[in-house]
Amino acid sequence: MIEIDAITKSYDQTVVVDHVTLTIEPSSVCAVVGTSGSGKTTLLRMINRLVEPTSGAIRIDGEDTRNTHAYELRRKIGYAIQGHGLFPHRSVGQNIATVPKLLGWDKDKTRARVTELLELFQLDPAQFRDRLPRELSGGQQQRVGVARALAAKPNILLMDEPFGALDPVIRSKAQEDLLTIQRQFETTIVLVTHDMEEAIHLGDKIAVMDEGKLLQFASPQQIISKPATPFVAELIGTGERPFKLLSLARVGKFVEPGSAEGDPIDISATLRDAYAELLWSGRAALPVSEKGQVIGKITLDQLSSHARPQ
Amino acid sequence: MVWPNNPAGAGCRAGPYRRHIVFVSEILSEKTGGRMSDTQTAAKSGFILPRFDKLGVLIAVIALGGVLLPFMIFRANRIVLGEPRMIFEALATPEALVLALLLAAGMVIALLRFRAGLKLAASLIILIALFVLVGRSAYFLTPPDDNFARISPGAGFWLLVFAFALLAADALTRLRLKPWPRIGILALVALAFGILLATGSLNGVSTLKEYATRADRFWSEAQTHVLLAFGSVLIATIVGVPVGIISFRLPKLRAALLNVLNIVQTIPSIALFGLLIAPLAWIAATVPGASLIGISGIGVAPALVALFAYSLLPVVSNTIVGLQSVPEAANDAAKGMGMTGAQRMGWIELPLAFPVILTGIRIVLVQNIGLTTIAALIGGGGFGVFIFQGISQTAMDLVLLGAVPTVVLAFAAAVVLDAFVEMTSTGKPQ
Ligand SMILES: Nc1ncnc2c1ncn2[C@@H]1O[C@H](COP(=O)(O)OP(=O)(O)O)[C@@H](O)[C@H]1O
Ligand SMILES: [Mg+2]
């Protein structure tokens, strides 16, 4: 659990982060979203004390972060940034082993961990361990950056626009991989992004920031259906709201008994996918399948009622 | 037969299509138009006029000048005016013929677009032949039992050496050799000249006669020279890198320091050497024990201090520039993962800045090897001793005895350190 308590940062007279208070639950993903210059990065960097707050406090699992040395605190918290920040003169393996080396792990343990992470991120250890970062593609570099942040099995992972430099296809793959890993290791992730779509997709909770102030801190559903200010509504985009809401729920929860004509849709698809399929094929209902078996149907009427605030 | 390479594709065999391309580009580059019909007929008949290498033309012209100027200078004794000797006067006829043939072949190879490897081999063979034949010529021209005659290479010889050294340098650039092969070639050339000198083949040449009469002095001055040049750079590195690191971390100090060092750099070298005489003499006279450890107004101490002062700016500023060039994101990540300031410096910043720092060291080393000659003026010793003696006696041979080793030393240091810089730059994008 990360408790951010009335945290403020000002440079000279300018207040960059203004009395932000929020609590991030363990094993959840908190997406911090806002326009450029709204103070997202500064807020994130105060968690691992790369920026020292002007006032306020941050507690991790109840412990004030100022009670440990900054560098010791940082070794326990994963940190991944846009443009990956890999060390250009060190091999992929050495890059990933950075924090284990700082923590004094022995060689075998470190090596085993590097192998494990490379495999987790679908990079063949035999092929990639000894390469230099510049010998990787952008997507591979980004994966190594995240693998490096996870090397010492931190409970908390801070990410500053980690997918910012990726093209859309690789980007959505990287997002899926991150969610899979997050669920597997139950890591608490604080992720900064300027992209509301990404925040809705990844965040269990979304913190919307503007000019240093926290405008709203709530689940994606609430953010979409009850934006706290016109600015939040604008960030979501009024024309997009129904579809964003639909994209948050999966077909499984809305299956009705009965059957319908045509190709079935899988139970794990989002309501948005189901809606698109209904419109595209001109049907009023879709059969829903689970592991190839049709188990019921989902109707256009039901989707419509879920495309607006409940 | 090896076809001359065309510019469009090095190493590409001249097939019919390729010939057509050459033909078109030739027309484009042919501004006079007078020879256009020639080229056209040549292309039709499938025969290409050899194309000239631009630098090769220059090299051939210089070499031609070398052939037309005296190859050797003969003087009855050390101070009388020299008499010129052309190639066929300076060598026994068979040797002169060999040299003439070699030079003709070398000029053709330089002129046409041959492979860089062939050009390199040709230029190295000719350079070695030139030195061997200068040695032969010295014996040939020396009257029997004459200890006073002085035979030295003439302007023609030096121009030829310059022309083919240029060819070798150009070929080496085009070959884009990796660092180790470059050092290897340097070692081979050094070995070849070592053998020439050790076997006494060049002993008849005037400069080596000067050497023979002062061999002991030569080696002790060589030692001093190396000590001054390398020692000053070593001290500048030991002092300059930490100063660079500190001033990188403290921007205010950085600005002030760089200003002072810039001013030092603009003081003419002789003035700087001179400026140091008074304060060092004062230290020697007043600080107890200072003169015991070798500090005095003239001699090695002020020379070392002046050379050190000159080296400091490039080392400090390259350290700062190198540290500034470390990618911001890498540094931020290092901090964010919990490296302490010292760990960041040792693992990330210094290794990434190292090639730039080494470049600074290379600059000052080459610079100081040359500058050290001036140290002789304030009694610091080094090869400059021979140069200034030679100038005052108008004995060119003696000047060369000091100048040639200085140039060779600077050149070798540049080649070796350039190779090191390249080897350490692995982390940087190409
Ligand atoms: N070290 C600093 N000194 C002065 N101003 C800063 C500093 N770091 C950030 N700022 C300012 O704080 C504001 C918020 O920056 P940042 O947290 O990076 O925003 P975001 O990540 O949301 O784009 C910006 O206006 C920026 O100029
Ligand atoms: Mg930012």
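- Going by what an unreviewed UniProt entry lists, chain A is known as ABC transporter ATP-binding protein and is assigned to Devosia algicola.
- Turning to chain A, the UniProt annotation filed under Sequence similarities (unreviewed entry) states: "Belongs to the ABC transporter superfamily."

### Thoughts on the overall build of chain A
- In terms of regular secondary structure, chain A is built from 14 helices and 13 strands.
- Taken over the C-alpha atoms alone, chain A extends approximately 60 × 50 × 35 Å along its principal axes.
- Looking at chain A alone, contacts between residues at least 24 apart form 62% of all its contacts between residues at least 6 apart.
- Side chains of chain A give 36 positive and 39 negative charges; the mean places of these two sets differ by 5 Å.

### Quick word on the sheet that holds strand E9 (residues 205-210) of chain A
Residue and element names in this part refer to chain A.
- Taken in spatial order, the six strands make up an open sheet running E6-E7-E8-E3-E9-E10, and their pairing is mixed. Because the sheet does not close on itself, it has two edges, and the strands there are strand E6 (77-81) and strand E10 (213-218). Neighbour-to-neighbour, the strand axes of this sheet turn through a mean angle of 15°, independent of strand direction.

### Observations regarding the domain arrangement of chain A
All names here are of chain A.
- Here the domain parsing of chain A yields domain 1 (2-236) and domain 2 (244-306).
- For domain 1 and domain 2, the distance between their C-alpha centres works out to 34 Å.
- With six residues of domain 1 at the contact, the number on the domain 2 side is four residues.
- Its largest share of buried area at the contact with domain 2, domain 1 owes to Glu197, Ile200 and Ile224, together 58% of the area lost on that side.

### Describing the sheet that holds strand E1 (residues 72-75) of chain B
Residues and elements named next belong to chain B.
- The strand order E2-E1-E3 describes an open sheet built from three strands, whose pairing is antiparallel. Strands at the two margins of the open sheet, each flanked by one partner only, are strand E2 (83-85) and strand E3 (150-153). Recorded for the sheet is a direction-independent mean angle of 30° between the axes of neighbouring strands.
- Of the strand pairs in this sheet, E1 and E2 are connected by three bridges, and their pairing is antiparallel. Bridged to Ile73 within E2 is Pro84.
- Helix H6 (residues 116-141) contacts E1, E2 and E3 of the sheet and is inclined by roughly 30° relative to E1.

### A look at the environment of Ala256 of chain B
- Relative to the elements of secondary structure, Ala256 of chain B occurs in helix H11 (residues 251-266).
- Sequence separation between Ala256 of chain B and Val356 of chain B is 100 residues; the distance between their C-alpha atoms is 22 Å.

### Things to note about the site of ligand 1
All names here are of chain A.
- As a matter of local geometry, ligand 1 sits amid Tyr11, Val16, Thr35, Ser36, Gly37, Ser38, Gly39, Lys40, Thr41 and Thr42.
- Here an oxygen atom of ligand 1 sits 3.1 Å away from a polar atom, N or O, in the main chain of Gly39.
- Coverage of ligand 1 by the protein amounts to 54% of the 570 Å² it exposes when considered alone.

### Observations regarding the pattern of salt bridges
- Taken as a whole and judged by the stated rule, the model has 25 salt bridges over all chains.
- We note a salt bridge from Lys244 of chain A to Glu197 of chain A, for which the minimum N-O separation is 4.0 Å. With Lys244 of chain A in helix H12 (residues 241-248) and Glu197 of chain A in helix H9 (residues 196-202), the pair connects residues that are 47 residues apart, well separated along the chain.
- The shortest N-O distance in the salt bridge between Lys119 of chain B and Asp53 of chain B comes to 3.2 Å. Taken together, the residues span a long stretch of sequence, with Lys119 of chain B in helix H6 and Asp53 of chain B in the loop between helix H2 (36-44) and helix H3 (54-68) at a distance of 66 residues.
- Through salt bridges that share partners, Asp53, Lys119, Asp170 and Arg174 of chain B make up one connected network.

### With respect to the packing of helix H10 (residues 215-249) of chain B against helix H14 (residues 300-324) of chain B
Residue and element names in this part refer to chain B.
- Between H10 and H14, the shortest axis-to-axis distance is 6 Å and the interhelical angle comes to 40°. Classified by the interaxial angle, the pair formed by H10 and H14 is oblique. H14 is crossed by H10, and the crossing has right-handed handedness.
- Looking at the contact of H10 with H14 residue by residue, the class counts come to 18 nonpolar, nine polar and no charged.

### A short note on the packing of aromatic side chains
- For the structure on display, the rule yields nine aromatic pairs over all chains.
- Aromatic side chains Phe157 of chain B and Trp158 of chain B sit 5.0 Å apart centroid to centroid with 75° between the ring planes, which places their arrangement in the edge-to-face category.
- On the accessibility criterion, Phe157 of chain B (1% relative accessible area) is buried.
- Members of the aromatic cluster, joined through ring pairs, are Phe71, Phe131, Phe157, Trp158 and Phe193 of chain B.
- One cation-aromatic arrangement involves Lys109 of chain A over Trp105 of chain A; the distance from NZ or CZ to the ring centre is 4.1 Å.
- Sitting above the plane of the Phe87 of chain A ring, Arg148 of chain A keeps its charged end 4.7 Å from the centroid.

### Some points on the interface of chain A and chain B
- Contacts between the two partners involve 23 residues from chain A and, on the opposite side, 22 residues from chain B.
- Interface area, chain A with chain B, both sides summed: about 1,900 Å², of which 67% is carbon and sulfur.
- Put simply, chain A and chain B have one salt bridge between them.
- Asp332 of chain B is paired through a salt bridge with Arg45 of chain A; the nearest N and O atoms lie 2.6 Å apart.

### Here's the deal with the pairing of E3 of chain B
Residues and elements named next belong to chain B.
- Here E3 shows a buried face lined by Arg150 and Ser152 and a second buried face lined by Ile151 and Pro153.
- Strand direction decides the pairing type here: E1 and E3, joined by four bridges, are antiparallel. By the bridge assignment for E3, Phe74 is matched with Ile151.

### Structural notes on helix H13 (residues 271-281) of chain A
Residues and elements named next belong to chain A.
- Regarding H13, the residues found buried are Leu271, Ala274 and Leu278. The buried residues of H13 occupy an angular sector of 60° when the element is viewed end-on, so they sit on one face. Away from its buried face by more than 90 degrees, H13 exposes Leu279 and Trp280.
- In the core, the buried residues of H13 are packed alongside H12, strand E11 (265-266), strand E12 (285-290), strand E13 (293-299) and helix H14 (300-306).
- With its phi angle positive at about 70°, Gly282 sits one or two positions after the end of H13.

### Concerning the side chain of Asp397 of chain B
Residue and element names in this part refer to chain B.
- Considering the arrangement of structural elements, one finds Asp397 in helix H18 (residues 396-424).
- The buried category is assigned to Asp397, whose relative accessible area is 3%.
- A distance of 2.8 Å separates the side chain of Asp397 from the side chain of Arg75, its partner in a polar contact.
- Apart from residues no more than four positions distant in its own chain, Asp397 is found in contact with Arg75, Arg150, Ser152, Ser206, Thr207 and Glu210.

### Remarks on the UniProt feature "domain: ABC transporter" (unreviewed entry) in chain A
- Feature annotation in UniProt assigns "domain: ABC transporter" (unreviewed entry) to the following positions: residues 2-236 of chain A.
- Span residues 2-236 of chain A is 39% helix and 27% strand, its end C-alpha atoms 26 Å apart.

### Describing the confidence of the model for chain B
- Overall, the predicted model of chain B reaches an average pLDDT of 84, with 86% of residues at or above 70.
- Interface scoring of the predicted complex returns ipTM 0.87; its pTM is 0.79.

### A few points about helix H5 (residues 107-120) of chain A
All names here are of chain A.
- With 14 residues, H5 extends 20 Å between its outermost C-alpha atoms, agreeing within 8% with the 20 Å of an ideal straight helix rising 1.5 Å per residue.
- Among the residues making up H5, those that are buried are Thr110, Arg113, Val114, Leu117 and Leu118. An end-on view of H5 places all buried positions within 135° of arc, on one side of the element. The exposed set on the far side of H5, more than 90 degrees from its buried face, consists of Asp108, Arg111 and Glu119.

Thresholds applied
Residues numbered from 1 in each chain as written. Chains lettered and ligands numbered in written order. Predicted model: local features only at pLDDT ≥ 70, side-chain atom pairs only at ≥ 80, totals over all residues. Heavy atoms only, no water. UniProt positions renumbered as here; feature names shortened; annotations may be inferred. Helix = DSSP H or I, 4+ residues; strand = E, 2+ residues; numbered from the N terminus. Contact = heavy atoms within 4.5 Å. Lys, Arg positive; Asp, Glu negative; His and termini not counted. Charge placed at Lys NZ, Arg CZ, Asp CG, Glu CD. Pairing = 2+ DSSP bridges. Axes fitted to C-alpha atoms, helices over the stretch in contact; angles between N-to-C directions. Domains from an automatic or database assignment. Buried area = accessible area lost by both parts, 1.4 Å probe. Near = heavy atom within 4 Å. Polar contact = N/O pair within 3.5 Å; in protein donor to acceptor, adjacent residues only side chain to side chain. Areas by Shrake-Rupley, 256 points an atom, 1.4 Å probe, with all protein chains shown as cover. Salt bridge = Lys/Arg side-chain N within 4 Å of Asp/Glu carboxyl O. Parallel < 35°, antiparallel > 145°, perpendicular 65-115°, else oblique. Left-handed = near helix turned anticlockwise from the far one by under 90°. Nonpolar A, V, L, I, M, F, W, Y, C, P; charged D, E, K, R; others polar. Phe/Tyr/Trp six-rings, centres within 6.5 Å; stacked < 30°, edge-to-face > 60°. Buried < 20%, exposed > 50% of the residue type's maximum accessible area, 1.4 Å probe, protein only. Lys NZ or Arg CZ within 6 Å of the ring centre and 35° of its normal. Arc of directions from axis to C-beta. pLDDT = per-residue confidence, 0-100. Expected span 1.5 Å × (residues − 1).

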